[in-house]
Amino acid sequence: MDFIRRFMAGRYGNDRLNNALLLLGLVLLLIEWLTGWRWMGIFILALLCLCYFRMFSRNIRARYQENHKFMQWWEPISRRLQDARVRFGDRKTHRFFKCPQCGKRLRVPRGRGRIEITCPYCRTRFVKKT
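Rules used throughout
- Residues numbered from 1 in each chain as written.
- Predicted model: local features only at pLDDT ≥ 70, side-chain atom pairs only at ≥ 80, totals over all residues.
- Heavy atoms only, no water.
- Helix = DSSP H or I, 4+ residues; strand = E, 2+ residues; numbered from the N terminus.
- Rg over C-alpha atoms; globule rule 2.2 N^0.38 Å.
- Buried < 20%, exposed > 50% of the residue type's maximum accessible area, 1.4 Å probe, protein only.
- Contact = heavy atoms within 4.5 Å.
- Areas by Shrake-Rupley, 256 points an atom, 1.4 Å probe, with all protein chains shown as cover.
- Lys, Arg positive; Asp, Glu negative; His and termini not counted.
- Charge placed at Lys NZ, Arg CZ, Asp CG, Glu CD.

(A) Structural view of the overall build of the chain. Helices and strands together make up the secondary structure of the chain, namely 4 helices and 4 strands. Going from the N terminus to the C terminus, the chain shows its helices and strands as α-α-α-α-β-β-β-β. Taken over the C-alpha trace, the chain has a radius of gyration of 23 Å; the compact-globule value for 130 residues is 14 Å, which it surpasses by more than 25%. Its C-alpha atoms give the chain principal-axis dimensions of roughly 65 × 40 × 30 Å. Taken across its 130 residues, the chain has 25% of its residues classed as buried. For the chain, contacts bridging at least 24 residues in sequence account for 39% of all contacts bridging at least 6. Accessible surface computed for the chain: about 10100 Å², of which carbon and sulfur atoms make up 60%. Put simply, the chain has 28 plus and 8 minus side-chain charges, and the middle of one group is 8 Å from the middle of the other.

Keep in mind these numbers describe shape, not what the thing actually does.
Dropping the structure here:
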């Protein structure tokens, strides 16, 4: 174990971009297995090599910048997926509406009939059926 710690000293290691590349490689591996496209193995091997290159790289600044750019691209997508997961979990007890003025998503309890909703952000009032 001490050998691994000494070997990895001064190297970049793992990050979210590497995790995403490995997940992409697993998805491509599953697609290759289901479709029988053996040529896809070249891309999977290239992804795996890229992951190991990034992990063992000593150019920490370049790897950090790559991960930072990936996270700038990924964070809005991740936020939308998390928001959709929350909305899906509350779908039986709440309705979700967008404010016509500011566009914020508002959560309202189901089964109240036609109600007047006041946006807490911009104070716009609108009527919707829950």
